[in-house]
Amino acid sequence: MEEPLGIDRARVDAWLASRISDLQGPVEYRLIAGGRSNLTYEVRDATGRRWALRRPPMGRVLPSAHDMAREHRIIAALRRTAVPVPEPIGLCDDPSVSGAPFYVMAFVDGHILKAEDDVVAAFAAPARRTVTRSLIESMAELHRVDPRPVGLGDLGRPDGYAGRQLARWRSQFERAKCREMPAIDETAELLEASIPTQQRTSIVHGDYRIDNCVFDASGEVCAVLDWELCTLGDPLADLGLLLVYWIEQGEQAPFMPNGTPTVLPGFPSRGEIVDHYAATSGLDVSHIDFYTALGYWKLACILEGMHAKAVTGSAPIDEFLRDVAGPQAVTLSETALRIARQRSA
């Protein structure tokens, strides 16, 4: 049986057997998500039962950026709330078992909508409104959770989220950049000068979008995935970033190489999403343009970091790094600047 990349089969098999009393071998491991983020494997035993295993990407990584114990802690805490998350099975914080810490959770069956074809295969146009409604209501449910009673009160600083995001990503940009990008600098200055009052301290997912959720056959969210960027902060930041990834009919988004599922008929507009979130969450969304600009700006900083690695040769070059990351960093930074200028006019 082929050894899966990132898995020490014998040791992980033994660890699983110590956590799952009726595990039936042989156990199969299949990489289902990876690349620049954490790696996710489907784990299947001889009876056909399935779990999901998460570990950091291969190679040297910053532990703070791929903290498996933190991610496991978040889903274990949220499991006690109405937020749909997979059931956690266990955490292995001993890197000698498989080269890095990892955790295992229940495998959630359902539809992950990464591309247009995924949507067409799963949901007719009328059902896409159900998908969107559940996506927004699940996000609002997350933002209603009081972090302290569920044991996440120390997950991050409770206030000043937007200012910290601006400082963090501007610092990252300055360290990584290989060219001048005036739109990044001007946008940061405009946003720093007009940060809205944070209405609530919430658990912020950090990368909430349609392809980070699993949907059941009726279009309801049955699990929210990928909690590696989760912290405490301003809930409207999640909404703003969702709007960046919510591509409408007739628009192009080369920064989304897997596809743009929301361009299909049946999905509502960004404005309808904002209105439904406001009605569901009870929050004032009158400054959503700030959070949308912040989302575009943050993504531009991330893509520019990727572009810099391609230029300097410090990362393996693929088609996205070679042809997309650099130009899209410019486009996204200019979009962020346009929105920031409009709101400051």
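For clarity, every value in this text was computed on a predicted model and none was experimentally measured.

## Regarding the sheet that holds strand β2 (residues 39-44)
Taken in spatial order, the five strands make up an open sheet running β1-β2-β3-β5-β4, and their pairing is antiparallel. In the strand order of this sheet, the two ends are held by β1 (28-33) and β4 (88-92), each with one partner. Strand-to-strand twist in this sheet, taken as the mean axis angle between neighbours without regard to direction, amounts to 25°. When β1 meets β2, the two strands line up antiparallel, connected through five bridges. Within the sheet, the bridge partner assigned to Ala33 lies in β2 and is Thr40. Lying over the sheet, helix α2 (residues 68-78) contacts β3 (50-55), β4 and β5 (102-106), oriented at roughly 160° with respect to β4.

## Observations concerning the state of the cysteines
Applying the stated criterion across every chain, the model contains zero disulfides. We note that Cys178 lacks a disulfide partner, and the nearest cysteine sulfur, in Cys301, lies 13 Å from it. The exposure class of Cys178 is partly exposed, given its relative accessible area of 35%. Cys213 provides the cysteine sulfur closest to Cys230, a residue in no disulfide bond, and the two sulfurs are 13 Å apart. The buried category is assigned to Cys230, whose relative accessible area is 1%.

## Some words on helix α6 (residues 182-192)
All of the buried residues in α6 are Ala183, Ile184, Asp185, Thr187, Ala188 and Leu191. For α6, the secondary structure elements touched by its buried residues are α5 (161-176), α9 (288-312) and α10 (319-344).

## Some points on the nonpolar core
Proteins that are soluble and globular tend to have nonpolar side chains buried together. Of all hydrophobic cores here, the largest spans 86 residues; its most connected members are Phe215, Trp227, Phe255, Tyr277 and Trp297. Sort the elements by how many residues they give to this core and α9 lands first, with 13 residues. Apart from residues no more than four positions distant in its own chain, Phe215 is found in contact with Gly110, His111, Leu113, Phe123, Val131, Leu135, Ile210, Glu220, Val221 and Cys222. Membership of the second largest hydrophobic core comes to 17 residues, among which are Tyr29, Leu39, Val97 and Phe102.

The rules we used
- Residues numbered from 1 in each chain as written.
- Predicted model: local features only at pLDDT ≥ 70, side-chain atom pairs only at ≥ 80, totals over all residues.
- Heavy atoms only, no water.
- Pairing = 2+ DSSP bridges.
- Helix = DSSP H or I, 4+ residues; strand = E, 2+ residues; numbered from the N terminus.
- Axes fitted to C-alpha atoms, helices over the stretch in contact; angles between N-to-C directions.
- Contact = heavy atoms within 4.5 Å.
- Disulfide = S-S within 2.5 Å.
- Buried < 20%, exposed > 50% of the residue type's maximum accessible area, 1.4 Å probe, protein only.
- Core = buried A, V, L, I, M, F, W, Y, C linked by side-chain atoms within 4.5 Å.

Scope: geometric values only; no functional claims are made or implied.
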